2 protein chains.
Amino acid sequence: MPSPIVQPLFDLARRHRIGFCLGYAELTDKGERFNTQILVDREGEVVGKYRKVHIPGHEHHEPDRPFQHAERYYFTPSSEGFPVWNAFGGRVGMMICNDRRWPESYRVMGLQGVELILCGYNTPLHYVPDPTQDPLQGFHNALVMQSGAYQNGTFVVGVAKGGVEEGVDSLADSMIVAPSGEILAKASTSGDELIWADCNLDWCYQYKDTLFDFDRYRRPEVYTRISGQRGVDPSDRGPFNKL
Amino acid sequence: MPSPIVQPLFDLARRHRIGFCLGYAELTDKGERFNTQILVDREGEVVGKYRKVHIPGHEHHEPDRPFQHAERYYFTPSSEGFPVWNAFGGRVGMMICNDRRWPESYRVMGLQGVELILCGYNTPLHYVPDPTQDPLQGFHNALVMQSGAYQNGTFVVGVAKGGVEEGVDSLADSMIVAPSGEILAKASTSGDELIWADCNLDWCYQYKDTLFDFDRYRRPEVYTRISGQRGVDPSDRGPFNKL
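Residues numbered from 1 in each chain as written. Chains lettered and ligands numbered in written order. Predicted model: local features only at pLDDT ≥ 70, side-chain atom pairs only at ≥ 80, totals over all residues. Heavy atoms only, no water.

J.: How should the relation of the copies chain A and chain B be read in this particular structure?
T.: Between the two copies of this chain, the relationship is a rotation about some axis together with a displacement along it. Take chain A, turn it by 180°, move it 0.0 Å along the axis, and it overlays chain B with an RMSD of 0.0 Å. Taken together, the rotation angle and the small translation identify this as a two-fold axis. (Least-squares fit on C-alpha atoms with pLDDT ≥ 70 in both.)

Written out as structure tokens, the structure is:
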């Protein structure tokens, strides 16, 4: 990056001194395929590259679905985690789509002092495995980004694809969330739209230095399950369990 | 427990075959003081005991405050973590007040298959270290319980003290949250009030078995910071960082 196809975007952004974030399907020299997002600064230089950690959907073609969500067939999950970069005068992290539903994504960046998280997403409004979630898509999208922002004292910017592609309608609701969890700006349509907000990074410290002073209040010694096991352990019970 | 003072409560509840949760200040034989909550089944038997992990506030008297929040002076933080008990035909966990603001609390229980989390809280409406958070108390309270419920596919029941004590006004907003994150019932006043909801635990599996199938989708190998460090590590940067 920049490839010839996106070179005009880099050129135009640099001319106007605008930094940006860009998602794409990455094919490495080793033949690995990652769902990738890069952070480009005002000079048009790539300052950060993030590869998606949480790959949702399924591994194989499922003929009964109205549309496929075979992201696990196409992409390798990254093992590089969630780095945070010094850029734009602050500490910036990235995540992609499904990552935003996992509190661990925000927390791993929060533990590196992130102040601004940039997230692109492409979320079908119809969730095939459980359609009762369909009418809740907008609610869930806001809920996870607002709580992730608040619980880590960071801005979160979520940018939706939105609209219809190949007959699949996807969530819009691009938004900029403050460290308080409040939504500062939100797209009101599913079409092309520009939203903006002033992001004073000092706001983060009204949370990071008080209620969420991690060094003072966190208790990592009792969080060992979070990084120590993947699935549910149903066998363990409390000391007073009688069943 | 039951002590003579609460014996009438135990007796009455057992007579009506109603289980309950009870919070109290516990003094152990060793002289330790915990902020504790017990789970009592329909037969009046104590089936679970939880001691608070996240102790907020301050260690010493701070004379400039309009009221003290010296919980860290009075209570020892528990190192027993967040157990989950088989009770009431499901898997039940507990947390207390400030625990609900930390996604780790819910996740540690989620990793034990929790289906219902019971939380008592006593939250002053005025947050002395940052009064800009005062008007957001109700929003933050709902945000953390709703996201914790959704992200772990569990019911969450939050029970407020509410009202004024010794001149300090505290948040009400007791609520029952579904595994979808939706609020099923919420108190509408700061006085004594009864709220209820049917909690069909099967609902949990519309989330635990799909989007939040932990065994399929979680990536504990990149979550190591969460249990491996307490405070913020500002030094670590991504591979493309240029600053």
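J.: How should the packing of aromatic side chains be read in this particular structure?
T.: For any pair of aromatic rings, the description rests on two quantities: the centre-to-centre distance and the angle between the ring planes. Applying the stated criterion to the full structure yields 16 aromatic pairs over all chains. Ring geometry for Y50 of chain A against F82 of chain A: centres 5.3 Å apart, planes inclined by 20°, an arrangement best described as stacked. Note that Y50 of chain A is positioned in strand β3 (residues 46-51) and F82 of chain A in the loop between α2 (71-74) and β4 (84-87), a separation of 32 residues in sequence. When sorted by exposure, Y50 of chain A lands in the same class as F82 of chain A, which is buried. Clustering of aromatic rings is evident, with ring pairs tying together W102 of chain A together with Y150, Y207, F212 and F214 of chain B. Note that R218 of chain A overlies the ring of F214 of chain A, its terminal NZ or CZ placed 5.6 Å from the centroid. (Phe/Tyr/Trp six-rings, centres within 6.5 Å; stacked < 30°, edge-to-face > 60°. Helix = DSSP H or I, 4+ residues; strand = E, 2+ residues; numbered from the N terminus. Buried < 20%, exposed > 50% of the residue type's maximum accessible area, 1.4 Å probe, protein only. Lys NZ or Arg CZ within 6 Å of the ring centre and 35° of its normal.)

J.: Explanation requested: the side chain of Q133 of chain B in the structure shown.
T.: Counting through the fold element by element, Q133 of chain B comes out in the loop between β6 (116-121) and α4 (137-152). Side chain to side chain, Q133 of chain B and D130 of chain B meet in a polar contact 2.8 Å long. Setting aside anything within four residues of it in sequence, one finds Q133 of chain B in contact with Q206, Y207, T210 and L211 of chain A together with Y127 of chain B. (Polar contact = N/O pair within 3.5 Å; in protein donor to acceptor, adjacent residues only side chain to side chain. Contact = heavy atoms within 4.5 Å.)

J.: Looking at this structure, how should I read the interface of chain A and chain B?
T.: Think of interface size as the accessible area that goes away when the parts come together; that is how it is often given. Taken together, the 86 residues of chain A in the interface contact 86 residues of chain B. Interface of chain A and chain B: buried area, both sides summed, is about 7900 Å²; carbon and sulfur atoms make up 56% of it. Where chain A meets chain B, there are six salt bridges. Taking the shortest distance from any N to any O, the salt bridge between R107 of chain B and E104 of chain A comes out at 2.6 Å. In this structure, the connection of chain A to chain B is made through 51 residue pairs in polar contact (both at pLDDT 80 or more). Mapped onto the side of chain A that touches chain B, the elements with two or more residues apiece are β3, β4, α3 (103-110), α4 (137-152), α5 (205-208), α6 (214-217) and α7 (224-228) of chain A. Counting residues per element, the side of chain A that touches chain B draws most heavily on α4 of chain A, which supplies eight residues. (Buried area = accessible area lost by both parts, 1.4 Å probe. Salt bridge = Lys/Arg side-chain N within 4 Å of Asp/Glu carboxyl O.)

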